[in-house]
Amino acid sequence: GNTVTGLRYLERGDVTINYDKEKNTLWYQCSFICKKYILPKDMLHFVLNSYDGINGVSLLSYAKRTLAITNASENSAKNFFDNGMNVNGILKVMTPISQKQKEEIRQSWNQAYSGQGGLAVINGNMEYQQLTLSPEDAQLLSSRQFNIADIARFFNLNPLLLGGESGATYSSLEMLQNAFLIHTLQPYISMIEAEMNRKLLGQDEQNLEVILETNDLLRIDKSSQANYYKTMVDTGVLSRNEVRKEIGYG
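In this text the structure is predicted, and so the values were computed from the model without any measurement.

Another point: the pattern of salt bridges. Tallied over the entire structure, the rule returns 4 salt bridges. The closest approach of N and O atoms between D42 and K41, which form a salt bridge, is 3.4 Å. Classification of K41 as partly exposed rests on a relative accessible area of 46%. Taking the shortest distance from any N to any O, the salt bridge between K230 and D234 comes out at 2.9 Å. Taken together, the residues K230 and D234, both in helix 7 (residues 222-234) and 4 residues apart, mark about one turn of the helix.

Here is the structure:
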């Protein structure tokens, strides 16, 4: 096979994917890399979400509807306050009045009582009714929390990591980090490792393997880490020097 001399990152828009479904042949084109075509063995092609297994689909495309609903909720909460809908109460006038009189009463009330505490004295033909709209309802908190959870589902991410609420409880930060590694990162890690092992290693390099290092993500609970490495040394899986190297002591 070819000897790998380097890697170059190409954005999706830089490459044209040519796939003949009938003949099951695949090749790539990139005008500033090669004038003709690039064979699959020379292209690292990472596909996580796809309808046909060849052409990847952006996760944001999958989540387009959810992101649109989330954006609408945020705009609705903003417009609620921008348009003066955060009304604290209603001042009822028992006798019919003109629009000009309504405006004069509103301005007079705001001038006298806006932002102030204390006792309000009103005219005998008026009645004040306080609205009971809660701050949670006014800011659409329930909808916005749901939006966080909905977005988290697309990325297999715990809502806690996005500032949302979650019914799941974790006894330690290590458990939360483990869940993040297994459910969120592992699909990407497995995809990258599999593609690199297939394309970068030749027939005479079967004893080699591309593995993405994840130990740094698990260096949270020192007690659990110590027990883990003790077990590895006691069972002969790792030597003391290998353990020291992994944890950065030489």
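With a phi angle near 55°, N24 is a residue other than glycine that sits in the positive phi range. Secondary-structure assignment places N24 in the loop between strand 1 (16-20) and strand 2 (25-30). The phi angle at N156 is positive, at roughly 50°, despite the residue not being glycine. Mapped onto the fold, N156 is located in the loop between helix 5 (141-154) and helix 6 (173-200). Taking the relative accessible area as the measure of exposure, N156 reaches 45% and is therefore partly exposed.

Cut-offs and rules
- Residues numbered from 1 in each chain as written.
- Predicted model: local features only at pLDDT ≥ 70, side-chain atom pairs only at ≥ 80, totals over all residues.
- Heavy atoms only, no water.
- Salt bridge = Lys/Arg side-chain N within 4 Å of Asp/Glu carboxyl O.
- Buried < 20%, exposed > 50% of the residue type's maximum accessible area, 1.4 Å probe, protein only.
- Helix = DSSP H or I, 4+ residues; strand = E, 2+ residues; numbered from the N terminus.

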